[in-house]
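# Inside the fold
The residues making up each chain are set out below.
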Amino acid sequence: MRQEMLIPKIGVVTDIRIDTPDVKTFRVVGLDGKKVFDHMPGQCAMLSIPGVGEGMFSITSSPTNTEFMEFSIKKCGCLTSWLHMMDVGQQVTIRGPYGKNFPVETDLKGKDLLFIAGGIGLAPLRSVINYCRDKRENYGSIHIIYGSRSADDLVDYQEILNEWMTDENVHVDLTIDRPEEGWDGHVGFIPSFVEELKPDLNRTVLMCGPPIMIKFTLDGLKKLGFQENQVYTTMELRMKCGIGKCGRCNIGDKYVCKDGPVFRFDELSELPDEY
């Protein structure tokens, strides 16, 4: 563990984007106006408001962005409520990066990729998607399947429309859970949508979302013929201290913060069902 990973640095919020009614994306730089530290897709950082608390969050911007880091944060507790009350120019402390990243420089290189995300689960995958888009020569085609409860709950929707959907090497399929006025896209839950789309079995899958979505989507992928060693997920929500000391993320013989948060599903199948 590098010593500098344990020492909080002061970060300044330079931009706040409202993505959904309960998700905001925060752009953060150091006091010198530069990126606080380098990271790889799938890694996390500890954000803190002194006197309020600290929490582990996925870094949602791509490492290819050398100017700042972004965090898409859902309002769901004390710390996140305070973060949602922040204004541009206010400060947080930040330390990291923590965890094992998606294997973008090894196992994923040269592969056609399938991203499956539900709700805020798109946030950890956004870093990987944009990393692969920025390094197009290293990867095959990209297929993104993304769904949420409603159209208003689609995270990064403008980026999806204006950038991902206009990229000739990227195909995006969107769905929402229930019909609503003004939505003319697909309606239905992600697991059944994936089975309906019958994605190419040669793709490597990166998946993130609510546990129930992941469970049924994985079952559907297996029915289609995918193997567990083709599918990766991230479990950063189980991380607490980030350095393997508190034991809160322990599952079987694994620590999510030290052995993950990125896991291949054949690794997870060896662990107790509690995950």
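Now for a description of the structure that goes with this document. (Residues numbered from 1 in each chain as written. Predicted model: local features only at pLDDT ≥ 70, side-chain atom pairs only at ≥ 80, totals over all residues. Heavy atoms only, no water.)

## Structural notes on the sheet that holds strand S4 (residues 53-58)
Picture the strands of a sheet paired through backbone hydrogen bonds; they go either parallel or antiparallel. Which entries qualify depends on this criterion: Two strands pair under a simple rule: DSSP has to find at least two bridges between them. Only DSSP runs of H or I covering at least 4 residues are called helices, and only runs of E covering at least 2 are called strands; the numbering of each starts at the N terminus. A fitted line through C-alpha atoms represents every axis, and for helices the fit uses only the stretch in contact; the resulting angles, taken between N-to-C directions, go from 0 to 180 degrees.
Ordered in space as S4-S3-S6-S1-S2-S5, the six strands form an open sheet in which the pairing is antiparallel. Every other strand in the sheet has two partners, leaving S4 and strand S5 (69-74) as the edge strands with one partner each. Taking each pair of neighbouring strands and ignoring which way they run, the sheet shows an average axis angle of 40 degrees. The pairing of strand S2 (residues 23-30) with S5 spans six bridges and is classified as antiparallel. Residue pairing in the sheet places Phe 26 in a bridge with Phe 71 of S5.

## Section: the pairing of strand S8 (residues 142-148)
Here is the rule: Each residue's exposure class comes from its accessible area (1.4 Å probe, protein chains only) as a fraction of the maximum for that residue type: buried when under 20%, exposed when over 50%, partly exposed otherwise. Here is how to tell: hold the view so the strands point away, follow the path from the first strand over the helix to the second, and if it runs clockwise the crossover is right-handed.
Taking burial as the measure, the seven residues of S8 include seven buried ones, the bulk of the element. Residues Ile 142, Ile 144, Tyr 146 and Ser 148 point to one face of S8 and His 143, Ile 145 and Gly 147 to the other, with burial holding for every one of them. For the segment spanning strand S7 (residues 113-118), helix H2 (residues 122-134) and S8, crossover handedness is right-handed. The sheet contact formed by S8 and strand S9 (residues 170-176) spans seven bridges and is parallel. Within S9, the position partnered with Ile 142 by the bridge is Val 170.

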